[in-house]
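What follows is each chain in one-letter form.
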Amino acid sequence: MRRIYLDHSATTPIDARVLEAMLPYLTEQFGNASSVHMFGQEARAAVDKARRQVAALIGARANEIVFTSGGTEANNLAIRGICETAQSHGKHIVTSAIEHPSVRGVIEELETRGWEVSRLPVYDDGIVRVDDLREAIRADTVLISVMMANNEIGTIQPIQQIGAFVREERERSHRHLWFHTDAVQAAGRLPMDVQALGCDLLTLSGHKIYGPKGIGALFIHRGVRVRPQQIGGHQERERRAGTESVANIVAFGVAAELARGEMKDRNEHVRALRDLFENEVESKIADIVFNGRRDQRLPHLSNISFRFIEGEGLLIHLDMNGVAVSTGSACSSGTLEPSPVIRALGRDEELARGSIRFSFGKDNTEEDVDLVVEVLQTTVETLRRLSPLHKPVLLAL
């Protein structure tokens, strides 16, 4: 059976060029980047080069990049690191209702420790409003954390406008206010410059841009202090202790460089496939709802709710027929609750449970789209016939 992978928002396959670059650092160039001998200095040079490559992807300085084990650790370092440093100035956080579990979870944990949280609504289009942020901000607010693009529905948030608002607040003497954005889904898909965005902290992850799992980064603007969350070494300018994963860091650097250089072509390719897919689905399958604003979202992602069926059942049947998709964030896999992101759009529980995320990648083809639509149409029809929710309407004589 031919297998088709349409879950690139969960993870991407490692690019062959990235794998080739990292392999030497798993074999003969195995040095510890903190060692002073030749082996260590070769590793240090490779880490420094990768740091410059990752920084270039987001318009940052190399010394503003802190390597982590992934996006989750970077989000924890950003949020806990700022809050624990700034708590003498206030204990209020503003975030959105559709953050990734690694942001949502750490903020919920801070609530148990006495922090207050304001969650901005996203309405039916999946986008926060800066006016709501203006209403939510307080004198004791120390952190705003709003993702750049949502991982389930792909909606792009007004990060630059939020950054401008933060600058205005600081000019009005709200000096102890910091802005973090989780850009894990957006990096490599949206051009970005941290100076223009106005953020203080920005999260990245290697495996979303055809790099390996287990490597991420946090941009920390020069002058911003965060409390380290891992203690016991002087690595990463004493902001994240632990021996550097040199091979993964090298791979992340190459993946970032490739993403930067190929972004335009990759986006045109996946957008064309995504739009073809949506047009086909809309013409062949009834009772569907597209989730999120379709003209302000990532180019590779489509989130659709199918009425009268469970998304989990649809996912399993698609997988049995060789099509890999998702019902939402991979980090929420295993929960029985309907997607909080879809519920935040105002959708009822049926639509939230019936949502599927299709996310295309640079190696997908039009043939993939044709096959997926064919399988999807057949599967939806089969499941609806079996569903107690789907009953034919009897017309009165």
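What you are looking at is a predicted structure, and each value in this text was computed from that prediction instead of being measured. Each residue is numbered by its place in its chain's sequence as written, counting from 1. In keeping with the model being predicted, local features are shown solely for residues with a pLDDT of at least 70 and side-chain atom pairs are shown and tallied solely at 80 or more, while totals for entire chains, interfaces and linings include all residues. Heavy atoms from the whole structure form the basis of all side-chain values; hydrogens and water molecules are not counted.

Asker: Is there a simple way to explain the overall build of the chain in this structure?
Answerer: Labels follow the DSSP assignment, with helices taken as runs of H or I lasting at least four residues and strands as runs of E lasting at least two, numbered in each case from the N terminus. Helices and strands together make up the secondary structure of the chain, namely 13 helices and 12 strands. All radius of gyration figures rest on C-alpha atoms, and the globule criterion is 2.2 Å times the number of residues raised to 0.38. The C-alpha radius of gyration computed for the chain amounts to 22 Å, which stays within 12% of the reference 21 Å derived for 397 residues, consistent with globular compactness. If one aligns the C-alpha atoms of the chain with their principal axes, the spans along those axes are about 85 × 55 × 35 Å. A simple rule labels every residue: compare its accessible area, found with a 1.4 Å probe on the protein chains alone, to the largest value its type can have, and call it buried under 20%, exposed over 50%, or partly exposed in between. Burial statistics for the chain: of 397 residues in total, 57% are counted as buried. Contact between two residues is taken to exist if any of their heavy atoms lie within 4.5 Å; hydrogens are not considered. A separation threshold of at least 6 residues defines the contact pool for the chain, and within that pool the share at least 24 residues apart is 74%.

Asker: What should I look at first to understand the pattern of salt bridges in this one?
Answerer: Side chains carrying opposite charge are able to pair once their charged atoms draw close together. Every case where a carboxyl oxygen of Asp or Glu lies within 4 Å of a side-chain nitrogen of Lys or Arg is listed as a salt bridge. Across all of its chains, the model carries 33 salt bridges by this definition. We note a salt bridge from Arg 2 to Asp 368, for which the minimum N-O separation is 2.3 Å. Residue Arg 2 is located in the segment before β1 (4–5), and its partner Asp 368 is located in helix α13 (residues 366–386); the two are separated by 366 residues in the primary sequence. Of the residues examined, Arg 2 reaches a relative accessible area of 40% and is grouped as partly exposed. On the basis of relative accessible area, Asp 368 is assigned to the buried category, the value being 7%. Between Arg 80 and Glu 109 there is a salt bridge, with the nearest N and O atoms lying 3.5 Å from each other. Highlighted residues: Arg 80 in helix α3 (residues 71–86) and Glu 109 in helix α4 (residues 101–111), separated in sequence by 29 residues. Taken together, the shared-partner salt bridges in this structure form one network comprising Asp 15, Arg 17, Glu 262, Arg 266, Lys 362 and Asp 363.

Asker: Just checking my understanding: could you explain the packing of α3 against α4 for this structure?
Answerer: What describes two packed helices is the angle between their axes and the distance between those same axes. What counts as an axis is a line fitted to C-alpha atoms, over the stretch in contact for a helix, and the angles between N-to-C directions run from 0 to 180 degrees. Direction vectors running N to C along α3 and α4 enclose 30 degrees, while the axes themselves pass 9 Å from each other. With respect to each other, α3 and α4 are oriented roughly parallel. Handedness of the crossing formed by α3 with α4: right-handed. Within the contact between the two elements, α3 uses Thr 72, Asn 75, Asn 76, Ile 79, Arg 80 and Cys 83 and α4 uses Ser 102, Val 103, Val 106, Ile 107, Glu 109 and Leu 110. Class assignment of the residues belonging to the contact of α3 with α4 gives a composition of 6 nonpolar, 4 polar and 2 charged. These descriptions rest on fixed angle ranges, namely under 35 degrees for roughly parallel, over 145 for roughly antiparallel, 65 to 115 for roughly perpendicular, and the rest for oblique. For any pair of crossing helices, the crossing counts as left-handed if the nearer helix is rotated counterclockwise from the farther one by less than a right angle, and right-handed if it is rotated clockwise. Each residue gets one label: Ala, Val, Leu, Ile, Met, Phe, Trp, Tyr, Cys and Pro are nonpolar, Asp, Glu, Lys and Arg are charged, and the others, such as Gly, are polar.

Asker: Would you take a moment to explain the packing of aromatic side chains for this structure?
Answerer: Note on aromatic pairs: each is described by the distance of the centres and the angle between the planes. Here the aromatic set is Phe, Tyr and Trp, taking the six-membered ring for Trp, and pairing holds for ring centres within 6.5 Å; pairs whose planes are under 30 degrees apart are stacked, those over 60 apart are edge-to-face, and all others are tilted. The full count for this structure, using the stated rule, is 5 aromatic pairs. When the centroid spacing of 5.3 Å and the interplanar angle of 25 degrees are considered together, the rings of Phe 30 and Phe 39 count as stacked. Ring plane angle 50 degrees and centroid distance 4.7 Å describe the contact between Phe 277 and Phe 358, whose orientation is recorded as tilted. Of this pair, Phe 277 sits in helix α9 (residues 246–284) while Phe 358 sits in strand β12 (residues 355–359); the two residues are 81 residues apart in sequence, bridging distant segments of the chain.

Asker: Honestly, empty space enclosed by the protein in this entry has me stumped. Any pointers?
Answerer: Left-over empty space is what a probe sized like a water molecule reveals as it rolls over the atoms. Here a cavity means grid points, on a 1 Å grid over the protein atoms only, where a 1.4 Å probe fits yet cannot get out; a pocket means an open set of points with protein on both sides within 12 Å along at least five of seven lines; lining residues are those with an atom within 4 Å of a point. Grid points are joined across faces, edges and corners, and a volume is the space filled by probe spheres set on the points. Inspection of every chain in the model, using the stated rule, returns 2 cavities of 30 Å³ or more. Lining the largest cavity are 13 residues, and of these Gly 188, Arg 189, Tyr 210, Arg 266 and Asn 267 lie nearest its centre. Tallied by class, the residues present in the lining of the largest cavity amount to 5 nonpolar, 4 polar and 4 charged.

Asker: When you look at the pairing of strand β7 (residues 201–205) in this model, what are you seeing that I'm missing?
Answerer: Two faces, one strand: in a regular strand the side chains alternate between the faces of the sheet. The element β7 is extensively covered by neighbouring structure, given that 5 of its 5 residues are classed as buried. Where strand β6 (residues 178–182) meets β7, 3 bridges bridge the pair, whose relative direction is parallel. Looking across to β7, one finds that Asp 182 is bridged to Thr 203. Relative to strand β8 (residues 216–220), β7 is paired through 5 bridges, and the arrangement is antiparallel. By this definition, two strands are paired if DSSP reports at least two bridges between them.

Asker: Could you clarify how one ought to interpret a nonpolar patch on the surface in this entry?
Answerer: A cluster of nonpolar side chains, Ile 14, Leu 19, Leu 23 and Leu 26, forms an exposed patch at the surface whose accessible area comes to about 330 Å². Here Leu 19 is to be found in helix α1 (residues 16–22). Patches here are clusters of residues that have more than 30% relative accessible area and form no salt bridge, with a 9 Å joining cutoff for like charges and a 5 Å cutoff for nonpolar side chains (Val, Leu, Ile, Met, Phe, Trp, Tyr). Each accessible area value is a Shrake-Rupley result obtained with a 1.4 Å probe; residue values ignore everything except the protein chains displayed when judging cover.

Asker: Honestly, the sheet that holds strand β2 (residues 65–68) in this entry has me stumped. Any pointers?
Answerer: Note: strands within a sheet are paired through backbone hydrogen bonds, in either parallel or antiparallel orientation. The mixed open sheet is built from 7 strands, whose spatial order is β2-β8-β7-β6-β5-β3-β4. A single partner strand is all that each edge strand has here, and the edge strands are β2 and β4 (116–120). Taken over all neighbouring pairs, the strand axes of this sheet differ in orientation by 20 degrees on average, direction set aside. Packed onto the sheet, helix α6 (residues 159–171) meets β5 (141–145) and β6 and runs at close to 170 degrees relative to β6.

Asker: I tried to follow the state of the cysteines on my own but got confused; where do I start?
Answerer: Disulfides are covalent bonds that link the sulfur atoms of two cysteine residues. In this description, a disulfide is simply a cysteine sulfur pair whose atoms lie within 2.5 Å. This structure, assessed with the given rule, holds 0 disulfides. A disulfide-free cysteine, Cys 83 has its sulfur positioned 16 Å from the sulfur of Cys 199, the nearest such atom.

Asker: Quick question: what am I supposed to make of the sheet that holds strand β9 (residues 288–290) here?
Answerer: With respect to topology, 3 strands assemble into an open sheet ordered β9-β10-β12, the strand pairing being antiparallel. Both outer strands of the open sheet, β9 and β12, are each paired with one neighbouring strand and no more. The average angle at which neighbouring strand axes cross in this sheet is 30 degrees, direction not considered. Relative to β12, strand β10 (residues 301–306) runs antiparallel, the two sharing 5 bridges. Note on β12: the bridge partner recorded for Ser 302 is Phe 358.

Any functional reading would require information beyond the geometric quantities listed.
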